[in-house]
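# Coordinates in review
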Amino acid sequence: MSGPGADYRYCPRCAGELAPISQAEDGGDKVRLRCAACAWTHWNNPTPVLAAVIECADRGGKILLARNAAWKARMFALITGFMEAGETPEDGIRREIGEETGLEVDRLSLLGVWDFQRMNQVIIGYHAVARGEIRLSPELAEYKLFEPADVRCWPAGTGYALATYLRSRGVEPQFLELPARVQSDS
Ligand SMILES: [Zn+2]
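Read on for an overview of the structure. (Residues numbered from 1 in each chain as written. Predicted model: local features only at pLDDT ≥ 70, side-chain atom pairs only at ≥ 80, totals over all residues. Heavy atoms only, no water.)

Here the zinc ion is held by the protein donor atoms C11 (SG), C14 (SG), C35 (SG) and C38 (SG), which lie 2.3 Å from it. Each of the four donor atoms around the zinc ion contributes to a set of angles spanning 97 to 120°, which defines the coordination as tetrahedral. Donor residues binding the zinc ion come from one chain and are separated in sequence as C-x2-C-x20-C-x2-C. In this pair, C11 sits in the segment before β1 (18-25) while C35 sits in strand β2 (residues 28-35), placing the two residues 24 residues apart along the sequence. Taken individually, C11 and C35 each receive the classification buried, so the pair is uniform in this respect. (Donors = N, O, S within 2.8 Å, 3.2 Å for Na, K, Ca; no water. Tetrahedral: all angles 85-135°; square planar, octahedral: opposite > 155°, others 65-115°. Helix = DSSP H or I, 4+ residues; strand = E, 2+ residues; numbered from the N terminus. Buried < 20%, exposed > 50% of the residue type's maximum accessible area, 1.4 Å probe, protein only.)

Let us now look at the pairing of β2. The pairing of β1 with β2 spans eight bridges and is classified as antiparallel. By the bridge assignment, L18 is partnered in β2 with C35. A loop of two residues connects β1 with β2, the two strands running antiparallel in sequence. (Pairing = 2+ DSSP bridges.)

In this structure, the largest pocket encloses a volume near 240 Å³. Element by element, the count of residues in the lining of the largest pocket is highest for helix α2 (residues 157-168), at three residues. Of the residues in the lining of the largest pocket, the class split is eleven nonpolar, two polar and three charged. (1 Å grid on protein atoms, 1.4 Å probe; cavity = no way out; pocket = protein on both sides within 12 Å on 5 of 7 lines; lining within 4 Å. Points joined across faces, edges and corners; volume = space filled by probe spheres on them. Nonpolar A, V, L, I, M, F, W, Y, C, P; charged D, E, K, R; others polar.)

You can see F76 is positioned in the loop between β4 (62-68) and β5 (79-82). In this structure F76 comes out as buried when scored by relative accessible area, which is 13%.

Here the focus is the side chain of E96. Here E96 shows up in helix α1 (residues 89-101). Not counting the four nearest positions on each side in its chain, E96 is found in contact with I79, T80, G81, F82 and T101. (Contact = heavy atoms within 4.5 Å.)

Applying the stated rule across the entire model yields twelve salt bridges. The salt bridge partner of R95 is E99, with a shortest N-O separation of 3.4 Å. Residue R95 and its partner E99 are both found in helix α1; the two are separated by four residues, about one turn of the helix. Accessibility expressed as a relative area gives 46% for E99, which makes it partly exposed. Across the pair R131 and D106 runs a salt bridge whose closest N-O atoms are separated by 2.8 Å. (Salt bridge = Lys/Arg side-chain N within 4 Å of Asp/Glu carboxyl O.)

One finds V53, L65, L78, L162 and L166 to be the most contacted residues of the largest nonpolar core, which totals 21 residues. One finds C56, I97, I124 and Y126 within the second-largest nonpolar core, a separate group that totals 17 residues. (Core = buried A, V, L, I, M, F, W, Y, C linked by side-chain atoms within 4.5 Å.)

Let us now look at the environment of E139. Within the fold, E139 resides in the loop between β7 (121-131) and β8 (140-146). Those residues in contact with E139 that lie beyond four places of it in its chain are R67, N68, A69 and E100.

Across its twelve residues, α2 extends 17 Å between first and last C-alpha, which sits within 8% of the 16 Å expected from 1.5 Å per residue. Buried within α2 are the following residues: G157, T158, G159, A161, L162, A163, Y165 and L166. Contacts made by the buried residues of α2 are with β3 (47-56), β4, β5, β6 (104-116) and β7. Immediately beyond the C-terminal end of α2, within one or two residues, lies G170, with a positive phi of roughly 80°. (Expected span 1.5 Å × (residues − 1).)

So far we have only geometry, and geometry alone does not tell us how the molecule works.
The structure is reproduced here in structure tokens:
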């Protein structure tokens, strides 16, 4: 993963080469990747990512965590996905939960919003009460059901969402060290 903004070399509007160019903005002069030809600016704003702590209503209230097929380490995480154009955050997380686990959502509540600067994302975390048959998408290798007292939280975006949920169930969260390289979007 390279630094913020280092992943674009050409202007998406005119194909001119992007360069770090200083320009006056509301907050003062700011160097960003810009196009010298057409003045397009690569703002590099964080991408909204939806995340869900899934409480399985028909499995004794256990929490479903899943392992991404692309991960080398055997780690389990919240269900996450990018918010898409034309949907609300609530619609988006219902869609992601359906696509990735097959579960139907009874109700959703917002846990909070966290930055995840390593991936230039903003995590919008929900508690989802869900039920149904579990059918994982090919993106996910396996899932596990956990009692709230048995899970450990990563000290980053989705981990803070999980910690907030645990506190709501009267469990003081325990945090893990984040592995050096997590090959994931969240
Ligand atoms: Zn341009």
